[in-house]
Structures are given as C-alpha cells and as structure tokens.
Amino acid sequence: MKISRKVVIVGGGISGLAAVYRLKELGQKTGQPFEIVLAEATSRLGGVIESRAQDGFLLEGGPDSFISEKPAARELSDRLGIASEIIGTNNKFRRSFIYKKGKLIPIPEGYYLIAPSRISAFLMTPLLNWGTKFRVGCELFISKRKSAGDESVGGFVRRRFGETTLQEIAQPMIGGIYTADPEFLSLETTLPQFLDLERQYGSVIRGLITRKRLRLKPAAQTASGPRYSLFLSFREGMESLTRSISAQLPEVTFRMNAPVAEVWPHSGKWKIAFRHREVLEADVVCIALSAFQAAPLLSRAAPDLSRDLENVPYESVATINLAYKRSDIPHPLNGFGFVVPAITGRKIVACSFSSVKFAGRAPRDMALLRVFAGGALHREVYAMDDKALERTVLEELRHYLGIKAPPLFSSIKRYPNTMPQYRVGHLELMKTVQSKLAAFPGLYLVGNAYRGIGVPDCIKWSELTAESIAQFLEERERLPVLEVP
Ligand SMILES: Cc1cc2nc3c(=O)[nH]c(=O)nc-3n(C[C@H](O)[C@H](O)[C@H](O)COP(=O)(O)OP(=O)(O)OC[C@H]3O[C@@H](n4cnc5c(N)ncnc54)[C@H](O)[C@@H]3O)c2cc1C
C-alpha cells in the first residue's frame, strides 16, 4: 500500500520556502519523497524579500542583508550551490553613524548594540559626554538583577547603563533592527546574549571584554571556512536566495494567487480551504505566515491557539530607495549608514548607504541610499501618503547629508504589519502556543513570529520544523494499520 506523505505549506516567503526545501532534502535522503504543495496568496514567491534592478542600480525592498553569526542562511546557500554569490560588506568603511545634534557621529569601534567592548574607543567618542561615560563605567559595579523572568530591553539598558545611553545609542541601534519601542521589547527573546553576560560575569562590559580576551569570537570568524563580514548579501540581491530555492523545486506543486482561508483537522488528516473555495486534503499542514495572518485560518479549528496568535503585535515599515549622482551628495558617505534616535523628534529610523555597504548596488559615479521609516515609534510617518513620505525623506536627507539635488529616481516600498514585536513575555506566549499546538498533530507553524525575525532565524526554525514533520510522518507510518473486516 502506498503511504500518503502529503504536506501543504501555506505561504511562499523565506519561511515557507525553507521548510519546503528541507523537506525535499529529507525525502531525497530517505528515498521517500514527500508530496508537497505550496500555497501562496500572491503571484510571486519570496514574501518581503524582493530585489529589483533599475537603470544599473540594485534596489532591495525588504531585507538588504543577513548576519553571518547565525549560520542558517550561509549553510542553506551552500546546499543550494549559491555560496559563491555571497558578498560581504565593503572592507574600507566598516562603521556606521548615530545622529546627534545636527551631526553624524561614528559609533565607537567595538560598541556592541548597547555596550562598549573597547574602552579606549569608547572614552574618545564625542557621542556621549563625560558624565554619561562615567555612568556607563559604573555598569561594572552594578549588581545583577535578582528576579528571574523577562525584562524589557529599555529597562535593562536603563538599569545597567543609564537613561542617556538608552535614548541616544541603544534605542536607535535596536530600533534599526526591530523597529520596536525598547520599553516593550523582550530582552530574553531579542538580546539574550546580554542577559547571559550579566548572569555569567555580573557585568555586560566585563563579559564582553573577557570574551574578547578569551577570543570567544562569533562562529563566522572562527569557522575554518572563509572569514565573513558581519553582514552578508548576494551579488544580485537577497532575492537570489528565494529564487534559487524555488528554481530547485520542480517536484513541488506551487499554487500561486491562492490565499488559504481556513484549515481544520478531519479524520486524521487536514483540510485546507482556499479563499476561492477549493479544498485540499493533506497529512500535514504547515502555516508559514505572520501570526496575525495564521490566526484567522485557525479561528474555528483552534480558537484558543488563534487568540494567542493574535496577541503578537506587528508594526509597519517602509523602505525608500533613492538613486543619486554621487556628486550630488556632499557627505563623504564614509560608512554603511546611520541611525536616528527617536528622542531627537526627527522623522526617519535609519538610512543605509547601500552602494557603499555592498558592491554592485549603483553604477560608477552614482550612489544608492535606502531610508527605513515607520515602526513602533514613527507610525505617523508610515501613515503619510507616498508623496508626503517622499517629501519628508528628502527634507530629512538634506538635513543629515546636505543633499539639495533631487534623486534620479526613488522607489517606495511599504510593508504593512510585517515586523513582529517580541514583547516582554514573548517566550512564555510561545511556550503556550507550542503546548496548544501539541493538541493538533500534523499542524505546524513557522514564520518570523516565533523564534527570531531575521532571515537566518526564519530559515533555522523552518528547517527544524521540516525535520519534525518528517519525523511525525515516519512515526505515523510505523503505527500498525487497523484492518477493517
Ligand atoms: C523592510 C524589511 C526589512 C528587513 N530587513 C532585514 C534584514 O536586513 N535582515 C534580516 O535578516 N531580516 C530582515 N527583515 C526581516 C525578514 O526579512 C523577515 O522576517 C522574513 O523575510 C519573513 O519571512 P516569512 O516567510 O516568515 O514571511 P513573509 O515574507 O511575510 O512571507 C509570507 C508569505 O505568505 C503569503 N501569504 C499571506 N497570507 C496568505 C494566505 N492566507 N495564504 C497563502 N499565502 C499567504 C504572503 O503573500 C507572503 O508571500 C526585514 C523585514 C522587512 C519587512
């Protein structure tokens, strides 16, 4: 008897694609392929990952890079055969700036998101005054937090380094990644490394310095393979990754323009209903969507679980790519970009000097800038219409970089409700979700709401989930089949 191994994946972003690719690999390994259907609501795969060439520029709408410290994206690229397309950041300008009082000031060397690890560079920086530097130094003597349990990133930084460091450095640096309000952001799920340092060494600074001395460097630098920069991309943009996955899945059935409306268990299988009313049946359904998009699919079959998923808040962000003649930008662009503290009352979150950060993003004598706008602390900016948003961004760039000339062209991309906000208690919420999910064998959830929002986090969680799916089906196949007389 042929055993059924049908899996439906809902959502064709990197999470869905990575799950499918891992299932394909596992099927090949065991010689028992899975029958896979991937349902995607739109006409393209990749989700928020989208790279586009225009007039010799390479524009990234969503992510423009991934970090090498988390190896899942690099390892997947190896297996896809596209590792040779990976590019690192420009060696010449490995630094970024923070905006302060009309100036872009370099982030001191060795400053690791919230704390310094190179004391001399920290002492020399004009970013903070001597009073604040003294307060940061006191971190070495502040005792550890006694109570267990999650804490906000804002609370942690304020407690250890003081208010000014929180508002002028930590908030903009973290804001550039999570577009979140640090007062609500969960420390244990977003920056657990700092919690570990406090617990292990009694001080974040002492921990960073000790680890540096012991040469406990990130995996990317100690690996025997090539040494990578912290941020990586692909020669032809981030979409190389999702394009390469989808090109290597000829055996998978892609159902495009096919939004899924609902899923429910039925006689040991799963029913998957499309919005256009067709219903599929599968042994496993894996929902690779944002939590709030997954919630309505489960509202009847698993109302409790669905409500928990609705409790993960999301924020909206926009990216604005701007192409310039290099000579129209007075600033030397001697870095990868800058972040802007929300406390300054200015309008943008961050700006990348894309054509400096990565090669091949702009033709010779041209420059590409990419502004990040919106998020938890700038909702009113995201709410502007495109014209007002562009006008605001141009005014802002004039202020920071002295640019008076109009761009050659610009491109606004909006990502409504795409940035999950891991609030204090997120880990507990995820444990609850996981335990409720256990009541529904054959149902799986992947995506950026659960185990990290970055591309490598999404890939890792999807691959682990694909392995659980394979194991679930294998164990089920081993169960004795009851003969009906
Ligand atoms: C602007 C921006 C910049 C970012 N920058 C970085 C960065 O530099 N580095 C980094 O590592 N990470 C970055 N991230 C985060 C990272 O890119 C995302 O977390 C990740 O790509 C999410 O992938 P996903 O597959 O989980 O979700 P998505 O990409 O959102 O994919 C979900 C897919 O499901 C489809 N879908 C939705 N509803 C349905 C339905 N009912 N039925 C079927 N299909 C449906 C959607 O059309 C979409 O294709 C950024 C994110 C954004 C938005």
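Everything numeric in this text was worked out from a predicted model, so none of it was measured.

Caption draft 1: Region of interest: the domain arrangement of the protein chain. Looking at the assigned domains, one finds that the protein chain contains domain 1 (6-47 + 238-312 + 423-478), domain 2 (106-222) and domain 3 (314-420). For domain 2 and domain 3, the distance between their C-alpha centroids amounts to 27 Å. Each side of the interface is counted separately: domain 2 has 13 residues, and domain 3 has 13 residues. Together domain 2 and domain 3 conceal approximately 900 Å² of surface at their shared face, both sides included; 70% is due to carbon and sulfur atoms. Summed over the three residues of domain 2 that lose the most area to domain 3, namely Q171, P172 and T179, the buried surface amounts to 49% of that side. For the pair domain 2 and domain 3, the interface holds 0 salt bridges. Here domain 2 is connected to domain 3 by 2 residue pairs in polar contact (both at pLDDT 80 or more). Residues that form the side of domain 2 that touches domain 3 fall into these classes: 6 nonpolar, 5 polar and 2 charged.

Caption draft 2: Up close: the site of the ligand. Among the 34 residues in the neighbourhood of the ligand, the closest are listed as S15, E40, S65, I453 and V455. Within the backbone of A41, an N or O atom sits 3.1 Å from a nitrogen atom of the ligand. Contacts to the ligand include V48, whose backbone N or O atom sits 2.9 Å from an oxygen atom. If the ligand stood free it would expose 1,000 Å²; the protein chains cover 89% of that surface. Elements represented by at least two residues in the shell around the ligand include exactly α1 (14-30), β17 (314-325), β21 (409-420) and α18 (455-478). Of the residues that constitute the shell around the ligand, the class distribution is 18 nonpolar, 14 polar and 2 charged. Composition of the shell around the ligand by domain shows at least three residues from each of domain 1 (6-47 + 238-312 + 423-478) and domain 3 (314-420).

Caption draft 3: Looking closely at the packing of α1 against helix α2 (residues 72-80). At their nearest, the axes of α1 and α2 sit 12 Å apart, and the two run at 55° to each other. Between α1 and α2, the crossing angle belongs to the class labelled oblique. Pair α1 / α2 crosses with left-handed handedness. Residues Y21, R22 and E25 of α1 form the contact with α2, whose own contacting residues are L76, R79 and L80. Its residues assigned to classes, the contact of α1 with α2 comprises 3 nonpolar, no polar and 3 charged.

Caption draft 4: Seen up close, helix α4 (residues 130-137). Where α4 is concerned, the buried positions are T132, K133 and V136. The buried residues of α4 occupy an angular sector of 100° when projected down its axis, which confines them to one face. Opposite the packed face of α4, turned more than 90 degrees from it, sit the exposed residues W130, G131 and F134. Buried residues along α4 sit in contact with β10 (115-116), α3 (119-124), α5 (153-161), α6 (163-178) and α9 (204-213). Capping of α4 at its N-terminal end is provided by N129; its side-chain oxygen lies 3.2 Å from the backbone amide nitrogen of G131.

Caption draft 5: Geometry of α9. Here α9 has its buried residues at V204, I205, G207 and L208. One side of α9 carries all its buried residues, which in axial view fall inside an arc of 165°. Lining the buried residues of α9 we find β9 (111-112), β10, α3, α4, α5 and α8 (192-201). The N-cap of α9, judged by a side-chain oxygen 3.3 Å from the amide nitrogen of I205 a few residues on, is S203.

Definitions and cut-offs
- Residues numbered from 1 in each chain as written.
- Predicted model: local features only at pLDDT ≥ 70, side-chain atom pairs only at ≥ 80, totals over all residues.
- Heavy atoms only, no water.
- Domains from an automatic or database assignment.
- Contact = heavy atoms within 4.5 Å.
- Buried area = accessible area lost by both parts, 1.4 Å probe.
- Salt bridge = Lys/Arg side-chain N within 4 Å of Asp/Glu carboxyl O.
- Polar contact = N/O pair within 3.5 Å; in protein donor to acceptor, adjacent residues only side chain to side chain.
- Nonpolar A, V, L, I, M, F, W, Y, C, P; charged D, E, K, R; others polar.
- Near = heavy atom within 4 Å.
- Areas by Shrake-Rupley, 256 points an atom, 1.4 Å probe, with all protein chains shown as cover.
- Helix = DSSP H or I, 4+ residues; strand = E, 2+ residues; numbered from the N terminus.
- Axes fitted to C-alpha atoms, helices over the stretch in contact; angles between N-to-C directions.
- Parallel < 35°, antiparallel > 145°, perpendicular 65-115°, else oblique.
- Left-handed = near helix turned anticlockwise from the far one by under 90°.
- Buried < 20%, exposed > 50% of the residue type's maximum accessible area, 1.4 Å probe, protein only.
- Arc of directions from axis to C-beta.

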